[in-house]
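# Chains, contacts and geometry: an overview
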Amino acid sequence: MATCRLAWSLLVVAAVAPRPGRGVHTVNAVYGDIINMPCHLEVPQSLMFGKWKYERSDGTPVFIAFRSSTKKNVQYDEVPEYKDRLILSEDYTLSINNARIGDEKRFVCMLVTEDNVFEAATVVKVYKPPSKPEIINQSKFLETEQLKMLGECVSRESYPEGNITWYRNGKVLYPLEGAVVINTHKYVDPGTQLHTVTSTLQYKTTKGDIKIPFTCSVSYTGPSGRKTIQSDPAVFDIYYPTEKVTIQVLPKNIIKEGDNVTLKCLGNGNPPPEEYLFFLPGQPDGIRSSDTLLLMDVRRNATGEYRCSLADKEGMTASTTITVHYLDLSLNPSGAVTKQLGDALPVSCTISSSRNATVTWMKDNTRLRTSPSFSSLHYQDAGLYVCETILQEVEGLRKRESLILTVEGKPQIKMTKKTDPSGLSKTITCHVEGFPKPAVQWTITGSGSVKNKTEESPYVNGKYYSKIIISPEENVTLTCAAENQLERTVNSLNVSAISIPEQDETDDISDENREKVNDQAKLIVGIVVGLLLAALVAGIVYWLYMKKSKTASKHVNKDLGNLEENKKLEENNHKSEA
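I will try to describe carefully the structure that is included in this document. Note that this is a predicted model, so its numbers are computed, not measured.

Another point: the pattern of salt bridges. What the rule picks out here adds up to 24 salt bridges. A salt bridge links glutamate 119 to lysine 53; its shortest N-O distance comes to 3.9 Å. One end of the pair, glutamate 119, is in strand S9 (residues 117–127); the other, lysine 53, is in strand S3 (residues 49–55), and 66 residues separate them in sequence. For the salt bridge of glutamate 81 with lysine 105, the shortest nitrogen-to-oxygen distance reads 2.7 Å. Of this pair, glutamate 81 sits in the loop between strand S5 (74–76) and strand S6 (86–88) while lysine 105 is found in the loop between strand S7 (94–96) and strand S8 (106–112), placing the two residues 24 residues apart along the sequence. Within this structure, Glu257, Arg300 and Asp328 form a network of salt bridges that share partners.

And the structure:
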């Protein structure tokens, strides 16, 4: 009993006047974690018990844990703030769960023997890192040359308190009178004793702040030293007045008649102006509109200077010139035109355009080297003529007109005949010219075998022929009739029997030549008759001569027959030409 009373006396004395230990130790703890405090004393062999206490700010001790070295039992004092939070191990290490800011105290480990008390002090420091700072209450926009609240940077629940710094584009913002104003507000939660720091930034912006990020950071002290946490960047819409307007024309490519054109007026302010005035060529009064004005189906008279200005500042204007390209083509004559063979037909293709245009002539899908001109029309001049012009620099701007030319003519006939080399047949050809295509009809007077009654050639450029092959047993007359909508023309040809040789004709014979042939035939007949009479008188001496003369006479008779038919053919051909 005496020994126990001595130990308690020593403990009371130690509590009143603690002995110096082996120095003061420091334990850094993180808010909410476990605080582990070793005793930092060597356990004596005569140890009776160990005990932990902490000191209030006025130095008064508060015992919180006891452990006997003999009974091995642990007792915790009734201290409300440490209820169910303490653990005292066998080596007298004290652990405090769920570290709080209030745990920042001076704790003392006491080892008591029968004759002495040993002490070791530990100072606890508790740290709480702040939440990531954020910029709240951000301004929807900033206006140039105006000092305006940009936002608030908040750093919540830290211990000790943190320091907030503002940055523009990564560079520190320092207070500047009339341009940068920074105010800091601090709040300590009475329950948790954690600090919340708020920093407000008033800022006078310029156009140089367009798309520039603003950030803030909080720097704080932790168990391992000083650290910094950066906020997310904030970019602000910068409002500034319009200093210049520009005008655009859409589409940007070349404009042609019939296009829709959009005029767009742009002010370089933010936000852009909502109303503008558009001035059209020759119109002194402007048209009030939003930033666009639509011109529908523009014509060539829309060419000129266009201006736009701010609705409230007409002096701030912009202008542009619009050229509306056009292309006109006039073909005279055009459409379906019908002319007569031999007529003259002047043709003109007139171009009017905003730029130099190229002209191309086509006939029946074949390109012509020169423009057509007709002083005397032929059948081959008929066809589809197209005059086309293109404005090379303007895509899609081309014009074309067409002329459908028809050349009409009355039927004209020429007849020819040809004897087959065998002498058994004769070919009679009726050459016809005219448009529309004349229909040919043959008529034969007399008897004869017709081998091929109607054989026709292709109809080309208003011409074709029809022919028949006959074997006349006697002299016959062939009539060729050609008829179209304009006229009917008839021509005839006498053809001798196949027993009478005749000269082939490939072309018509004139009346003058026909008369010469007849006179020559008569002369020849007279000479032959005279020679025959002389031969009879001359006697037997001239018999051989007379025999030859008779043979010659027969040949002359054949030639006379041919000449007679040629005369009739020539007369008929002249009739058809008339």
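Picking up after the structure, the text goes on.
Attention now moves to the state of the cysteines. Tallying each qualifying case throughout the model produces five disulfides. Note on cysteine connectivity: cysteine 39 is disulfide-linked to cysteine 109, with sulfurs 1.9 Å apart. Handedness of the cysteine 39-cysteine 109 disulfide follows from its S-S torsion of about -85°: it is left-handed. With cysteine 39 in the loop between strand S2 (35–37) and S3 and cysteine 109 in strand S8, the pair connects residues that are 70 residues apart, well separated along the chain.

Moving on, we come to the sheet that holds S2. Taken in spatial order, the three strands line up as S2-S7-S6 in an open sheet, and their pairing is antiparallel. Each edge of the open sheet carries a strand with a single partner, namely S2 and S6. For this sheet, the mean inter-axis angle between neighbouring strands, taken without regard to orientation, is 15°. Both S6 and S7 contribute to a ladder of three bridges, which runs antiparallel. Counterpart to isoleucine 87 in the pairing with S7 is serine 95.

Another aspect to go through is unusual backbone geometry. Here leucine 250 and proline 251 are connected by a cis peptide whose omega angle stands at 5°. When you line up the elements, proline 251 lands in the loop between strand S21 (245–250) and strand S22 (255–256). A cis amide bond, omega -5°, links asparagine 332 with the succeeding residue proline 333. Unusually for a residue other than glycine, histidine 40 sits at a positive phi of about 60°. By the secondary structure assignment, histidine 40 is in the loop between S2 and S3. A relative accessible area of 31% means that histidine 40 is categorised as partly exposed. Of note in the backbone geometry, glutamine 193 takes a positive phi value of approximately 60° without being a glycine. Relative to the assigned elements, glutamine 193 resides in the loop between strand S15 (180–188) and strand S16 (195–204).

For the rest of this paragraph, the subject is the environment of threonine 122. Structurally, threonine 122 is set in strand S9. Taking the relative accessible area as the measure of exposure, threonine 122 reaches 1% and is therefore buried. Each residue touching threonine 122, except ones within four places of it in the same chain, is listed here: His25, Val27, Met37, Pro38, His40, Lys105, Arg106 and Phe107.

Before going further, it helps to examine the sheet that holds strand S26 (residues 292–295). One open sheet accounts for three strands, arranged S21-S23-S26; its pairing is antiparallel. One side of each edge strand has no neighbouring strand; the edge strands of this open sheet are S21 and S26. The sheet shows a mean angle of 15° between the axes of neighbouring strands, taken without regard to direction. Across four bridges, the pairing between strand S23 (residues 261–267) and S26 is antiparallel.

Counting residues in each nonpolar core, the largest one holds 29 residues, and the members touching the most others are Ile35, Met37, Trp52, Ile64, Tyr82, Leu94 and Phe107. When near neighbours in sequence (up to four residues on either side) are disregarded, isoleucine 64 contacts Trp52, Lys53, Tyr54, Gln75, Tyr76, Asp77, Val79, Tyr82, Leu86, Leu94 and Phe107. One finds Ile247, Ile255, Ile322 and Val324 within the second-largest nonpolar core, a separate group that totals 20 residues.

Let us now look at the side chain of threonine 215. Positionally, threonine 215 belongs in strand S17 (residues 213–222). Side chain to side chain, threonine 215 and glutamine 230 meet in a polar contact 3.2 Å long. Once residues lying within four places of it in the same chain are set aside, the contact partners of threonine 215 are Ile135, Thr165, Trp166, Tyr167, Gln230, Ser231, Asp232 and Pro233.

Let us look at the packing of aromatic side chains. Within the structure shown, the criterion is met by nine aromatic pairs. Consider the rings of phenylalanine 214 and phenylalanine 236, whose centres lie 5.8 Å apart with planes at 75°: the pair is edge-to-face. Here phenylalanine 214, found in strand S17, pairs with phenylalanine 236, found in the loop between strand S19 (234–235) and strand S20 (237–239); they are 22 residues apart in sequence, far enough to count as distant. The residues phenylalanine 214 and phenylalanine 236 share a single accessibility class, namely buried. A centroid spacing of 5.8 Å and a plane angle of 80° characterise the contact between tyrosine 459 and tyrosine 464, whose relative ring orientation is edge-to-face. You can call tyrosine 459 partly exposed: its relative accessible area is 26%. By relative accessible area, tyrosine 464 is classed as buried at 4%. Sitting over the ring of phenylalanine 141, lysine 148 keeps its end group 3.7 Å from the ring centre. If you follow lysine 437 out to its NZ or CZ, it ends over the ring of tyrosine 464, 4.7 Å from the centre.

Scoring rules and cut-offs
- Residues numbered from 1 in each chain as written.
- Predicted model: local features only at pLDDT ≥ 70, side-chain atom pairs only at ≥ 80, totals over all residues.
- Heavy atoms only, no water.
- Salt bridge = Lys/Arg side-chain N within 4 Å of Asp/Glu carboxyl O.
- Helix = DSSP H or I, 4+ residues; strand = E, 2+ residues; numbered from the N terminus.
- Disulfide = S-S within 2.5 Å.
- Pairing = 2+ DSSP bridges.
- Axes fitted to C-alpha atoms, helices over the stretch in contact; angles between N-to-C directions.
- Buried < 20%, exposed > 50% of the residue type's maximum accessible area, 1.4 Å probe, protein only.
- Contact = heavy atoms within 4.5 Å.
- Core = buried A, V, L, I, M, F, W, Y, C linked by side-chain atoms within 4.5 Å.
- Polar contact = N/O pair within 3.5 Å; in protein donor to acceptor, adjacent residues only side chain to side chain.
- Phe/Tyr/Trp six-rings, centres within 6.5 Å; stacked < 30°, edge-to-face > 60°.
- Lys NZ or Arg CZ within 6 Å of the ring centre and 35° of its normal.

Nothing here speaks to function; it is all geometry.
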